[in-house]
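The lines below spell out each chain.
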Amino acid sequence: MENDVVLRVKDLKTFFYTNERCNKAINGVSFEVKKGKTLSIVGESGCGKSVTASSIMQLLPDLSRIEEGEITYFGEQGEVRIDKLKKNGKDMRKLRGGDIAMIFQDPMTALNPVYTIGFQIRENLQNHMKMNKKQAHKRAVELLSLMGIPNPEQRVNEYPHQFSGGMRQRAMIAMAMSCNPKVLIADEPTTALDVTIQAQIFELMMKLKEEFNTAILLITHDMGVVNEVSDDMAVMYMGNMVESGGTKEVLKNPCHPYTKALLESIPILGKGRNQNLEPIKGSTPDPYQRPVGCQFKDRCNYRSEKCEEMPPEEIVQGEHMVRCWHWKEVLEDGK
Ligand code: SF4
């Protein structure tokens, strides 16, 4: 439903510039994130998924910028065009950490080593929620407890280096969730953690989504995670969205050769040990010297002359979108 959309990205183009060369890191990407739902963006490193997250948060590095497109946040106070806001202006700082929060692969990106965990959560609450110090301290302890951190009254006074990797990740989620964000962007949040902690962190995120109706944008390279936690998914390759739709539908009926290849390269739970795993052949092209036409053509088994031209987006059915000239063959082969 239209009014369930909290964040809309439309025809986004973000480019990087080095030595007079241009990398079109995101080259016309569109998607919507809905209240209480998780959208996963999946792809290999360099596909543009993290740049998408940084564009939304206005955390792009120097020598890169949003060239075209719209990023719209639908907040309680009305629509905000994020792409029009100043990177470090008052309005952007108010959104960042307040209505839109982000968790990173490395918690130390968000946590400051010289302040206690409690101080950092309190600061967020005092800035965005207008709490006094005492209220903020009480809430920080509650949040750590909610995240399953034992002895929160004591641990709130400890520094990040006194926490284990998994606990730091929880503390960062506590900080991100402290202001009840409407949108939580999670960029590979569990890649550095072991599988048990990984499962606990995802469980936690899903609980928060259900309790607070938070919209989650999950950036990952892991199809297993996509399958487990997301309602909708989008597959990115070389700065383009090549397939998107409801997770169940896309995983059941992949129509893009890249989605199919990603799925064939991972073991499927419950299918036993003798699965034929196929690594994806070749590697991604040099982003500064992109091929003409379909960006996947040098790795694709379905390639034809037509693929010298960039394929348009086509609707498979409902919200299932694909960008491939030969998607019908790919779909047929999967049946
Ligand atoms: S457009 Fe052509 S090269 Fe690209 S994915 Fe489809 S079949 Fe392969």
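Residues numbered from 1 in each chain as written. Predicted model: local features only at pLDDT ≥ 70, side-chain atom pairs only at ≥ 80, totals over all residues. Heavy atoms only, no water.

*Asks:* Help me understand the packing of aromatic side chains in this model?
*Replies:* In this description, an aromatic ring pair is defined by two values, namely the gap between the centres and the angle between the planes. Inspection of the entire model under this criterion finds 4 aromatic pairs. Seen in terms of ring centroids, Y115 and F119 are 4.6 Å apart; in terms of plane orientation they differ by 20°. Their pairing is stacked. In this structure Y115 comes out as partly exposed when scored by relative accessible area, which is 38%. We classify F119 as partly exposed; its relative accessible area is 29%. Each residue in the set Y237, Y258 and F296 is aromatic and connected to the rest through ring pairs, giving one cluster. The lysine or arginine in question, R21, covers the ring of Y288, its NZ or CZ lying 4.4 Å from the ring centre. (Phe/Tyr/Trp six-rings, centres within 6.5 Å; stacked < 30°, edge-to-face > 60°. Buried < 20%, exposed > 50% of the residue type's maximum accessible area, 1.4 Å probe, protein only. Lys NZ or Arg CZ within 6 Å of the ring centre and 35° of its normal.)

*Asks:* Help me understand the nonpolar core in this model?
*Replies:* General note: in soluble globular proteins, nonpolar side chains tend to be found buried as a group. With 72 residues, the main nonpolar core has F31, I56, I82, I121, I185, M205 and L217 as its most contacted residues. Here this core gets 8 residues from one element, more than from any other, and that element is helix α6 (residues 165-177). Not counting residues up to four positions away in its chain, the partners in contact with I56 are L7, V9, F31, I71, I82, M92, I185 and L217. If you look at the next biggest cluster of nonpolar residues, it comprises 21 residues, including V42, L251, C300 and V330. (Core = buried A, V, L, I, M, F, W, Y, C linked by side-chain atoms within 4.5 Å. Helix = DSSP H or I, 4+ residues; strand = E, 2+ residues; numbered from the N terminus. Contact = heavy atoms within 4.5 Å.)

*Asks:* Is there a simple way to explain the UniProt feature "domain: ABC transporter" (unreviewed entry) in the protein in this structure?
*Replies:* If you check UniProt for "domain: ABC transporter" (unreviewed entry), the listed places come out as residues 7-263 in our numbering. Across residues 7-263, the secondary structure splits into 37% helix and 29% strand, with the terminal C-alpha atoms separated by 28 Å. (UniProt positions renumbered as here; feature names shortened; annotations may be inferred.)

*Asks:* What am I meant to see in the site of the ligand here?
*Replies:* Around the ligand, the structure places H256, P257, C294, F296, K297, C300, Y302, C307, P311, C324, W325 and H326. Tallied by class, residues from the shell around the ligand come to 9 nonpolar, 2 polar and 1 charged. (Near = heavy atom within 4 Å. Nonpolar A, V, L, I, M, F, W, Y, C, P; charged D, E, K, R; others polar.)

*Asks:* Quick question: what am I supposed to make of the sheet that holds strand β12 (residues 320-322) here?
*Replies:* Hydrogen bonds between backbone groups are what pair the strands of a sheet, and the pairing can be parallel or antiparallel. The sheet built from 8 strands is open, its strands ordered β6-β7-β8-β3-β9-β10-β12-β11 with mixed pairing. The sheet terminates laterally at β6 (100-103) and β11 (314-317), the two strands that pair on one side only. The average undirected angle you get between the axes of adjacent strands in this sheet is 20°. The pairing of β6 with strand β7 (residues 183-187) spans 4 bridges and is parallel. (Pairing = 2+ DSSP bridges. Axes fitted to C-alpha atoms, helices over the stretch in contact; angles between N-to-C directions.)

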